[in-house]
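Each chain, written out:
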Amino acid sequence: MIVADRKPLAEILTLVRHAGRILLVGCQECVTVCLAGGEREVAELSLILRLARAQGRAQVDGPLEVITATVHRQCDDEFLAPLADQVANVDCVVSMSCGVGVQHMAAYFPHTWVVPALNTRFAGATIKQGLWEERCSLCGDCQLYRTGGICPITRCAKSLLNGPCGGSQEGHCEISADIPCAWQQIYDHLRTMGKLELIEEIVCVKDWSRARDGGLRRSVREDVS
Amino acid sequence: MNRLQGVLAAGGFAVTAEIGPPKGADPTRLRRYAERLRECTDAQNLTDNQTAIVRLSSLAACVHVLAAGGEPVLQVTCRDRNRIAIQSDLLGAYSLGVQNVLCLSGDHQSFGNHPTAKNVYDIDSIQLLGMVRRMRDEGCFLCGEEMKAPPRFFIGAAANPFADPLEFRAKRLAKKIAAGADFIQTQAVFDLERFRTWMAMVRDIGLDEQTAILAGVIPPKSARALRFMAQVPGMAVPKELLRRMESASDQQEEGKRICSELMEELRSVPGVRGLHIMAVMWEDVVPELVERAGLLPRPWQAASFSGRETG
């Protein structure tokens, strides 16, 4: 899923400083799971924004009227259409979705100013209650078959493809004792699986043209389009 | 053939040293170090924004070393440049007379003075080695396009016997050799026992005969400097060495003594073909260390040496 977290309150207040009435929109997909932009977080932020403005803690004094909604999926026209009447009556839409949802909302309502309330962080998974960790860099050319299901492009700070750098010590990455060395994890897993020969092969330079570096990516399925 | 390659090809014991380029545009000290080191070492490594701190570029520093009569080793990391920029810099370096290159991953930018920078890592150090060798041996760019006048580098790589997993470290060296490493400069050795263990693994698979391994050393200038090194990821400093430095009345002299002892021990480790002295912020001490070790004069200074001198 896409993992996001909320922007600092001061930043959000700055983004809505010229607005008297906003529509705050959550999303029931990924950001609900990672507790950043679901119905509960929408209600919470709505309250905080209204209080901050009422108490004069924002850069601009004056009350803020907040209308709230949480749609099934912000990255789909079908779920944005029912918002049209509400959108027409506000100064600004604040999206509590990931960057995809924000952009989709802005494109769907081209005459309305849409701002993000979240910072979209990464494609990751829930590791335990309250902890999400990055797992995929969306590089478009999956290498996980080489490394026993542990992605070095994402989980190694240098995206190395041929084994651990000289900074790997006692299982952790050179950048922090809190971050495991992905290549130590790969090594340990391949040893358990009896497949260590996989990391003795030299992996050639990667084709990054299928990643973001290649320009806007599209996925086309002509059979259904 | 250049000095470093010539010494190794003749079966000699090589000595190289590291010079850190300045954090500014004045090359005076850099040139002075190069002049001091050119007679006592076979080649001088110019670091590439080491620990991700911005310094005068390795390539420009190499040119200053050449002008001072030295023999530079261009250090190239994968952190700041993609395959296009690296190949371009390699052509430029060779065109200016640089003949040695050391291929590295590079320290992560979070260590340096621009921790908010974006890193590149388009390719890794092993892919970089393969790219430089392909340019030299096949006369073509990474993409396969042929080039006129390929750069004929003597290609080096780093190895860290103190990083984990230890069991993979010799295998990783094998990959570097297979990719193109003619010579290896190791991380600084303080923990001789671990180094000997690693070298035994290296010899077991015959790697010492496929490349020239130069063992790294750092003369600690003070107990404080040694304590700092002990914290650096990928370094291993035994506690007794720390205690020895801390209790010394003359720490600089003790640092030289420790380094000389390590150099002596490392020379006797089978498979070690040279030493790489990284006197960080203390380049002036290198001539004395080499002299104490009885490694002067350098083989290429003899009239009978067949290698072609550079610079």
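Participant: Looking at this structure, I do not really get the overall build of chain B. What am I missing?
Facilitator: When helices and strands are tallied, chain B shows eleven helices and eight strands. The C-alpha radius of gyration computed for chain B amounts to 18 Å, which stays within 12% of the reference 19 Å derived for 311 residues, consistent with globular compactness. With the C-alpha coordinates of chain B rotated into their principal frame, the extents come out at 60 × 50 × 45 Å. By the burial criterion, 59% of the 311 residues in chain B qualify as buried. Across chain B, every contact between residues at least 6 apart in sequence was considered, and the portion connecting residues at least 24 apart equals 78%. Of the roughly 12500 Å² that chain B leaves accessible, carbon and sulfur atoms contribute 50%.

Participant: Any chance you could explain the overall build of chain A here in plain terms?
Facilitator: A count of helical and extended segments in chain A gives eight helices and seven strands. For 225 residues, the compact-globule formula gives about 17 Å, and the C-alpha radius of gyration of chain A, at 22 Å, lies well above that figure. Considering only C-alpha atoms, chain A reaches an extent of 65 × 45 × 25 Å along its principal axes. Taking all 225 residues of chain A together, 40% fall into the buried category. In chain A, the share of contacts with a sequence separation of at least 24, taken over all contacts with a separation of at least 6, comes to 60%. When the accessible surface of chain A is summed, it comes to about 12100 Å², and 52% of that surface belongs to carbon and sulfur atoms. Positive and negative side-chain charges in chain A, numbering 23 and 27 respectively, have mean positions lying 2 Å apart.

Participant: Would you mind going over the sheet that holds strand 2 (residues 21–27) of chain A with me for this structure?
Facilitator: Each strand in a sheet pairs with another by means of backbone hydrogen bonds, the pair being arranged parallel or else antiparallel. Residues and elements named next belong to chain A. Ordered by their spatial adjacency, four strands build an open sheet running 3-2-4-5, and the pairing between neighbours is parallel. Looking along the sheet, the strands with just one partner apiece sit at the ends: strand 3 (65–71) and strand 5 (114–116). Put simply, the sheet's adjacent strands are angled 25 degrees from each other on average, direction ignored. The sheet contact formed by strand 2 and strand 4 (residues 92–95) spans four bridges and is parallel. Residue pairing for strand 4: Leu 23 is matched across the bridge by Val 93. Sheet contacts for helix 3 (residues 39–54): strand 2 and strand 3; angle to strand 3, the most-contacted strand, approximately 170 degrees. Here helix 6 (residues 99–108) sits on the sheet and contacts strand 2, strand 4 and strand 5; the angle it forms with strand 5, its principal contact strand, is near 175 degrees.

Participant: Would you mind going over the domain arrangement of chain A with me for this structure?
Facilitator: Interfaces are frequently sized by the accessible area removed from exposure as the parts join. For chain A, the domain assignment lists domain 1 (2–122) and domain 2 (139–214). Computed from C-alpha coordinates alone, the two centres of domain 1 of chain A and domain 2 of chain A are separated by 37 Å.

Participant: Help me out: how do you make sense of the sheet that holds strand 7 (residues 212–217) of chain B in this one?
Facilitator: Residue and element names in this part refer to chain B. Read around the closed barrel, eight strands run 1-2-3-4-5-6-7-8, paired in parallel fashion. Within this sheet the neighbouring strands show an average axis-to-axis angle of 30 degrees, counted without direction. Looking at chain direction, strand 1 (residues 14–19) and strand 8 (residues 272–277) are connected through four bridges and run parallel. The partner of Thr 16 across the bridge, within strand 8, is His 276.

Participant: How should the nonpolar core be read in this particular structure?
Facilitator: Considering soluble globular proteins, one finds that nonpolar side chains tend to be buried as a cluster. Formed by 100 residues in total, the largest nonpolar core has its most connected members in Leu 90, Leu 128, Leu 173, Phe 190, Phe 195, Trp 198 and Ile 277 of chain B. Setting aside residues up to four positions removed in sequence, Leu 90 of chain B forms contacts with Leu 74, Val 76, Val 101, Val 132, Met 135, Pro 151 and Phe 153 of chain B. One finds Ala 4, Val 16, Ile 22 and Leu 49 of chain A within the second-largest nonpolar core, a separate group that totals 27 residues.

Participant: When you look at the environment of Lys 118 of chain B in this model, what are you seeing that I'm missing?
Facilitator: Residue and element names in this part refer to chain B. Within the secondary structure layout, Lys 118 lies in the loop between strand 4 (100–104) and helix 5 (125–138). Residue Lys 118 is classed as exposed on the basis of its relative accessible area of 72%. The sequence separation of Lys 118 and Arg 79 amounts to 39 residues, and the corresponding C-alpha distance is 9.0 Å.

Participant: Could you clarify how one ought to interpret the packing of aromatic side chains in this entry?
Facilitator: The description of an aromatic ring pair rests on the distance of the ring centres and on the angle between the ring planes. All names here are of chain B. Enumeration over the complete set of coordinates arrives at five aromatic pairs over all chains. Seen in terms of ring centroids, Phe 154 and Phe 183 are 5.1 Å apart; in terms of plane orientation they differ by 25 degrees. Their pairing is stacked. On the criterion of sequence distance, the pair formed by Phe 154 in strand 5 (residues 154–159) and Phe 183 in strand 6 (residues 183–188) is long-range, its members being 29 residues apart. A ring pair is formed by Phe 195 and Trp 198, whose centres lie 5.8 Å apart and whose planes are at 45 degrees; its orientation type is tilted.

Participant: Is there a simple way to think about helix 6 of chain A in this case?
Facilitator: Owing to its 3.6 residues per turn, the α-helix aligns residues three or four sequence positions apart on the same side. All names here are of chain A. Along helix 6, the positions that sit buried rather than exposed are Gly 101, Val 102 and Met 105. Looking down the long axis of helix 6, one finds its buried residues gathered within 100 degrees of arc, a one-sided arrangement. In helix 6, the exposed positions that point more than 90 degrees away from the buried face belong to Gln 103 and Ala 107. Of the surrounding secondary structure, the elements contacted by the buried residues of helix 6 are strand 2, helix 4 (77–80), strand 4 and strand 5.

Participant: Got a minute to help me understand the pattern of salt bridges in this structure?
Facilitator: Opposite charge on two side chains allows them to pair when their charged atoms are near. Residues and elements named next belong to chain B. Under the counting rule described, the total for this entry stands at 37 salt bridges over all chains. Note that Arg 36 and Asp 284 form a salt bridge whose closest N and O atoms lie 3.2 Å from each other. On the criterion of sequence distance, the pair formed by Arg 36 in helix 2 (residues 28–37) and Asp 284 in the loop between strand 8 and helix 11 (286–292) is long-range, its members being 248 residues apart. By relative accessible area, Asp 284 is classed as partly exposed at 29%. The closest approach of N and O atoms between Arg 194 and Asp 164, which form a salt bridge, is 3.3 Å. Here Arg 194, found in helix 7 (residues 192–204), pairs with Asp 164, found in the loop between strand 5 and helix 6 (166–179); they are 30 residues apart in sequence, far enough to count as distant. Exposure class is identical for Arg 194 and Asp 164. Each is buried. Linked through salt bridges whose partners overlap, the residues forming this network are Arg 244, Glu 253, Glu 254, Lys 256, Arg 257, Glu 261, Glu 288 and Arg 292.

Participant: Could you clarify how one ought to interpret the packing of helix 2 of chain B against helix 3 (residues 58–67) of chain B in this entry?
Facilitator: All names here are of chain B. It is at 9 Å that the axes of helix 2 and helix 3 come closest, and there the two elements cross at 50 degrees. Taken together, the axes of helix 2 and helix 3 are oblique relative to one another. In this structure, helix 2 meets helix 3 at a crossing whose hand is right-handed. Contacts from Leu 30, Arg 31 and Ala 34 in helix 2 reach Ala 61, His 64, Val 65 and Ala 67 in helix 3.

Participant: Just checking my understanding: could you explain the interface of chain A and chain B for this structure?
Facilitator: Taken together, the contact between chain A and chain B spans 27 residues of the former and 32 residues of the latter. Both sides together, the interface formed by chain A and chain B hides about 2400 Å², and carbon and sulfur atoms give 53% of it. For the chain A face of the interface with chain B, the top three residues by lost area are Lys 158, Gln 169 and Val 205 of chain A, together amounting to 23%. Counting across the chain A and chain B interface gives two salt bridges. With its nearest N and O atoms 3.3 Å apart, the salt bridge here joins Glu 167 of chain B to Arg 191 of chain A.

Participant: Whenever I open this one, the environment of Gly 167 of chain A confuses me. Can you help?
Facilitator: Residues and elements named next belong to chain A. Within the secondary structure, Gly 167 sits in the loop between helix 7 (152–155) and helix 8 (182–193). You can call Gly 167 buried: its relative accessible area is 3%. Between the C-alpha atom of Gly 167 and that of Arg 135, which follows or precedes it by 32 residues, the distance is 21 Å.

Criteria and thresholds
- Residues numbered from 1 in each chain as written.
- Chains lettered and ligands numbered in written order.
- Predicted model: local features only at pLDDT ≥ 70, side-chain atom pairs only at ≥ 80, totals over all residues.
- Heavy atoms only, no water.
- Helix = DSSP H or I, 4+ residues; strand = E, 2+ residues; numbered from the N terminus.
- Rg over C-alpha atoms; globule rule 2.2 N^0.38 Å.
- Buried < 20%, exposed > 50% of the residue type's maximum accessible area, 1.4 Å probe, protein only.
- Contact = heavy atoms within 4.5 Å.
- Areas by Shrake-Rupley, 256 points an atom, 1.4 Å probe, with all protein chains shown as cover.
- Lys, Arg positive; Asp, Glu negative; His and termini not counted.
- Charge placed at Lys NZ, Arg CZ, Asp CG, Glu CD.
- Pairing = 2+ DSSP bridges.
- Axes fitted to C-alpha atoms, helices over the stretch in contact; angles between N-to-C directions.
- Domains from an automatic or database assignment.
- Core = buried A, V, L, I, M, F, W, Y, C linked by side-chain atoms within 4.5 Å.
- Phe/Tyr/Trp six-rings, centres within 6.5 Å; stacked < 30°, edge-to-face > 60°.
- Arc of directions from axis to C-beta.
- Salt bridge = Lys/Arg side-chain N within 4 Å of Asp/Glu carboxyl O.
- Parallel < 35°, antiparallel > 145°, perpendicular 65-115°, else oblique.
- Left-handed = near helix turned anticlockwise from the far one by under 90°.
- Buried area = accessible area lost by both parts, 1.4 Å probe.

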